Each structure stands twice: as C-alpha cells, then as structure tokens.
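What follows is the residue order along each chain.
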Amino acid sequence: MEESGIRTDSGIQEIGESRSISGMTKAKGLSVMTAAVFIAGEMAGSGILALPRATANAGWFGVALILIIAWASAKACLCLSDSWIMIEKKWPEYQNLHVRDPYPTIAGHSIGPRMKKLSSVMMDLQLFGVTLVFLLLCAELVASLIASHVSISYCSLIVVIGIILCPLTWFGSPADFPPVAFGAMISSVLSSIIVIIILAMQSGDKIPQSQHSAPSFKSFLLGLSTIAFAYGGAVTIPTFQNDMKKKEQFPSAVNLGFAMMLGLYLPISLGSYVIIGDSVVDNVLESCDSGTATDIVNVLMAFHVFCAFLIVINPLNQDLEQQIKVEHSFNLKRCAFRSILCAILIFTGLTVPKFGKILNLVGSATVIPQTFIFPPWFYYNLINITGEKKMTLSMTIQLASIAILGVITMIAATYFAITDLIEPGSFTKPCYIH
C-alpha cells in the first residue's frame, strides 16, 4: 500500500489456488452459523456469572447498558468486517492470500505501519493475558470441584491442565477445530439455563428480601466497565472472518453471534437483579444456595474456559508465528513454538497465581480501545482511502458515539483497575516459593 507505507506482502502468506488456507480448502471454511458460534463462544462465558453484579452496580439502567454496549460492540465488529472487505477490494491480492494477523493488517492499511506494530503488541498482550486467566480459572474451578475427593493443589492443577491443553493448541486456525467453539457455546447455554432455574426455584425466599437501590456515580461506572469487558473480543473477529467460506457473509455471523450472547446475558442479568437485588455478589453462583446444580454449573464453566483457552490462544499463536517466520502448515517448528508458549503461560501462572487484578489493568488499556475506539477509526479512514463507500452523517455520529463510549469506559476501567491493584493483599507469593 502506497498511502500508508504498508507492503502488500507484509503479514501474509501466498498460496496457490490448489493449496489449503489455514490447513483447509476454501470450500471447507466456516459457515455463518459456525462463525457465529465462534464469536459467541469466545466472548460469552465468565460474563454470565459476572454480569448480574454489574447490572446491580448500574441499577435498572444496567439492563439498558447490556443492550447499548452489545450494539456498540457489534457495530465495531461490523466495522472490522467491512474494513477487511474494503481492503480485499482495494488490494485484490489479499483475496488469494491467508493473513495470520488480520487485525494489525487492518490497522496498518487504515492508519500506517506504526499503528500496525502498536495494535499487534496490544493484541498479543490482551490475548496472552486473557489466555492466562482462562488457564488459572480452569484450574481454580477444577480445584474447587475435586477438593473433597482428590488431594491435589491449585498450583499443581495449573501445570496439569496446561500440559493437557498444550497439544490441543497445535491446530492451525479456528476452521480446524469447530467442535471447540460449539463446546464453549453449549456449555455457556447450559450454564445460563441452570442458573436461571436455580434463581427461579429460590425466588420465593429471595424476592421479599431483595432491594434495588439507586446506583452511585462510582458504582455506575464500575458496572459500565464490567459490561464492556463482557463484549471485549473484537481482536479475534477478523481471524474468524478470514476462515469463512464467504467472507462477505460475516456480518450475518456477527449479528447472529451477538443475538446468541444477548440470549445468554439478558435473562440471567435481569433475573438475578429482580430476585436477589443489590446483594448479588461478583459471582452470582455465590449468591445462590449451594448444591448439585451449582456444582454442575462449575463443571460446565470449567469446560467452557478450557475450550475458550484454545479459541483465544490461536490468534496469538498465528500473530507471533508470523513475526518469527513459522510456516503456516502443521510442522515440528509450529508444535515446538506453541509448546514453548504454553510453558511460558504455565510458568507465568505459577509466578502470579492471582493474575486477575493485573489483567484488569492490562485489559483496560488493550481490550477497550481495540474493541470500541480503534475499529470506528480504522473504518472511517479506510472509507476515505478506498472510496468504496460514502460516509453519511448518521454513520459518522454512530462511529463517534462508539469511540466516545470507549474512551469513557477505558478511563473508568483504568481507574478501578489501579485502585484495586494498590490495595493490600493484591499480590500473592509464586507457587514455587510456597
């Protein structure tokens, strides 16, 4: 690209018509339904348990926030989708190339080479942090489930689960493991249904005691930032689109994927707030009476984060492999590199076994801008560069609104992350020092 100084062969791998893309032929790419399941399976998950508290923090307007932020995140994802289609039309060579770093490539063509490097670093930091949290959360859930049956420590489980996950990360791209996405999605759906049933069964005792206070300014912003994080997976969107049979159909997958997420988020958030009210805690399960049903939800959530780990680590692997020139085929170098990355994740988890507060700070600086601020900016610039579309006043207002929402949320999330991080007891000793 002459306008931004990005070479068209940067970050891409040329293939012939008879060769495969990401280890599969174009005819075997993702369908609209499968792509939608990848979107929902990657984004939905722990948000099911955390959103009820976020809704309570924002009061009754929290329900509206879930809808508003869903619209903003979906619109941002559609901006990324349209941006990639514009790039393929402006530079047709991309139509016959597999791009392993599509999000940074969009950044490079829309803003310039420095933005491509910045977005690549931010994306890798975000994906590494989220992947690490999934590993730790899976170990934590398994530890709580087997504590009374098997004598094994949380730290040991980090190693065991990491080793089990490692060979499963060797798949080429999302198109190579659709069952993982369906597993993540199905476990989320079942978890949501069971939690709603638990709440309904306990509503008779809890509704008379529930209170619904007006939110404070601080609690409202805390609810806003938590809800925004529940929709913060835009960096993986272009990767899913690149693995579709027909990339131009990806907007349908985005709309369907977000509809799935709303179908999970809204009932449990609204139901929890109506039944439990202000007293709902960070994990809604801890506000319910414990029993077999809650154990089943924990099993399902452990399975979900197991699958989500594999989905989220894949774009990270692809981007890093692009930078160190690992061939995009199943080979020993790929397996060795991905095994080393898993070892680094395990070691980091053992070093910082309570990583959540650090992730909140990293996430506020990476997840929010890459989901709500950058995509409208990329889209706006590409329209001016390619001349493919005409920017209307309505679209300009929508893009500006999403970006402003992102800035407000990023500031709020960063503030809460820093204040939480400096509290006493925020850090624990590494596992290998205990």
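The shown structure was predicted, so the numbers you read here are calculated from the model rather than taken from an experiment.

Broken down by element type, the chain carries 14 helices and two strands. Taken against the 2.2 N^0.38 rule, which gives 22 Å for 434 residues, the C-alpha radius of gyration of the chain at 21 Å falls within 12% of a compact globule. Projected onto its principal axes, the C-alpha coordinates of the chain cover approximately 65 × 55 × 40 Å. Burial status across the chain gives 56% buried among its 434 residues. Looking at the chain alone, contacts between residues at least 24 apart form 85% of all its contacts between residues at least 6 apart. Accessible surface for the chain amounts to roughly 18000 Å². Of this, 65% is attributable to carbon and sulfur atoms. Each charge sign in the chain was given a centre, from 26 positive and 27 negative side chains, and these centres are 5 Å apart.

Scanning all chains against the criterion turns up one disulfide. The disulfide partner of C155 is C431, and the gap between their sulfur atoms is 2.0 Å. Taking the sign of the S-S torsion, -70 degrees for the link of C155 and C431, the bridge is left-handed. Linking C155 in helix α6 (residues 154–165) with C431 in the segment after α14 (393–421), this pair joins segments that are 276 residues apart in sequence. Here C431 falls in the buried class, since its relative accessible area comes to 12%. For the unlinked cysteine C79, the closest cysteine sulfur is that of C77, found at 9.1 Å. Between C166, a cysteine without a disulfide, and C342, which holds the nearest cysteine sulfur, the sulfur-to-sulfur distance is 3.9 Å. The class of C166 is buried, set by a relative accessible area of 12%.

This part covers the nonpolar core. Residues Y231, F250, F258, M261 and Y265 are the most contacted members of the largest nonpolar core, which totals 123 residues. By residue number, the principal contributor to this core is helix α11 (residues 292–323), which donates 14 residues. Among residues more than four places away in sequence, those in contact with F258 are I39, M43, A70, S73, A74, C77 and Y231.

Our next topic: the packing of helix α2 (residues 47–58) against helix α8 (residues 217–230). One way to put it is that α2 packs onto α8 with a least axis distance of 7 Å and a crossing angle of 150 degrees. Between α2 and α8, the crossing angle belongs to the class labelled roughly antiparallel. Viewed along their axes, α2 and α8 form a crossing whose handedness is left-handed. Counting all contacts with α2, which are made through A50, L51, A54, N57 and A58, the residues of α8 involved are S219, F220, L222, G223, T226, I227 and A230.

We now examine the packing of aromatic side chains. Scanning all chains against the criterion turns up 12 aromatic pairs. Ring geometry for W60 and Y273: centres 4.8 Å apart, planes at 70 degrees, overall edge-to-face. In this pair, W60 is assigned in the loop between α2 and α3 (61–90) and Y273 in helix α10 (residues 250–275), connecting sequence segments 213 residues apart. Of the residues examined, Y273 reaches a relative accessible area of 0% and is grouped as buried. With a centroid separation of 5.4 Å and an interplanar angle of 85 degrees, the aromatic rings of Y231 and Y265 are classed as edge-to-face. Remark: Y265 occurs in helix α10 and Y231 occurs in the loop between α8 and α9 (237–242); sequence separation between them is 34 residues. Neither Y231 nor Y265 differs from the other in exposure class; each is buried. Aromatic rings pair up to connect Y103, F374, W377 and F378 into one cluster.

Moving on: α11. Compared with the 46 Å implied by 1.5 Å per residue over 32 residues, the 47 Å span of α11 between its first and last C-alpha is a close match. Taken as a whole, α11 carries its principal kink of about 25 degrees at I313; the proline P315 stands between one and four residues after it. The buried fraction of α11 amounts to 24 of the 32 residues, a majority that puts the element mostly inside the structure. The positive-phi residue at the C-terminal boundary of α11 is K325, with phi of around 65 degrees.

All told, the structure shown has five salt bridges when counted by the stated rule. Among the ionic pairs, K389 bridges to D82, the shortest N-O distance being 3.2 Å. With K389 in the loop between α13 (356–386) and α14 and D82 in helix α3, this residue pair connects regions lying 307 residues apart in the sequence. Among the ionic pairs, E321 bridges to R100, the shortest N-O distance being 3.9 Å. Separated by 221 residues along the polypeptide, E321 in helix α11 and R100 in the loop between β2 (97–99) and α4 (102–110) bring together distant segments of the chain. The network of salt bridges with common partners includes R100, E321 and R338.

What follows is about α4. α4 sits mainly inside the fold: nine of its nine residues count as buried. P102, Y103, P104, T105, I106, A107, G108, H109 and S110 are the residues of α4 that are buried. A positive phi of about 150 degrees marks G112, the residue just after α4.

Residue-level pLDDT values for the chain average 85, and 92% of them are 70 or greater. Ranking the helices and strands of the chain by mean pLDDT puts α6 first, with 95, and strand β1 (residues 12–14) last, with 39. Scored below 50 in pLDDT, residues 1–27 makes 62 contacts in the model with residues more than four places away or belonging to other chains.

Here we take up the side chain of N314. Checked against the element boundaries, N314 lands in helix α11. On the accessibility criterion, N314 (2% relative accessible area) is buried.

Criteria and thresholds
Residues numbered from 1 in each chain as written. Predicted model: local features only at pLDDT ≥ 70, side-chain atom pairs only at ≥ 80, totals over all residues. Heavy atoms only, no water. Helix = DSSP H or I, 4+ residues; strand = E, 2+ residues; numbered from the N terminus. Rg over C-alpha atoms; globule rule 2.2 N^0.38 Å. Buried < 20%, exposed > 50% of the residue type's maximum accessible area, 1.4 Å probe, protein only. Contact = heavy atoms within 4.5 Å. Areas by Shrake-Rupley, 256 points an atom, 1.4 Å probe, with all protein chains shown as cover. Lys, Arg positive; Asp, Glu negative; His and termini not counted. Charge placed at Lys NZ, Arg CZ, Asp CG, Glu CD. Disulfide = S-S within 2.5 Å. Core = buried A, V, L, I, M, F, W, Y, C linked by side-chain atoms within 4.5 Å. Axes fitted to C-alpha atoms, helices over the stretch in contact; angles between N-to-C directions. Parallel < 35°, antiparallel > 145°, perpendicular 65-115°, else oblique. Left-handed = near helix turned anticlockwise from the far one by under 90°. Phe/Tyr/Trp six-rings, centres within 6.5 Å; stacked < 30°, edge-to-face > 60°. Expected span 1.5 Å × (residues − 1). Bend = angle between axes of the 7 residues up to and from the residue. Salt bridge = Lys/Arg side-chain N within 4 Å of Asp/Glu carboxyl O. pLDDT = per-residue confidence, 0-100.

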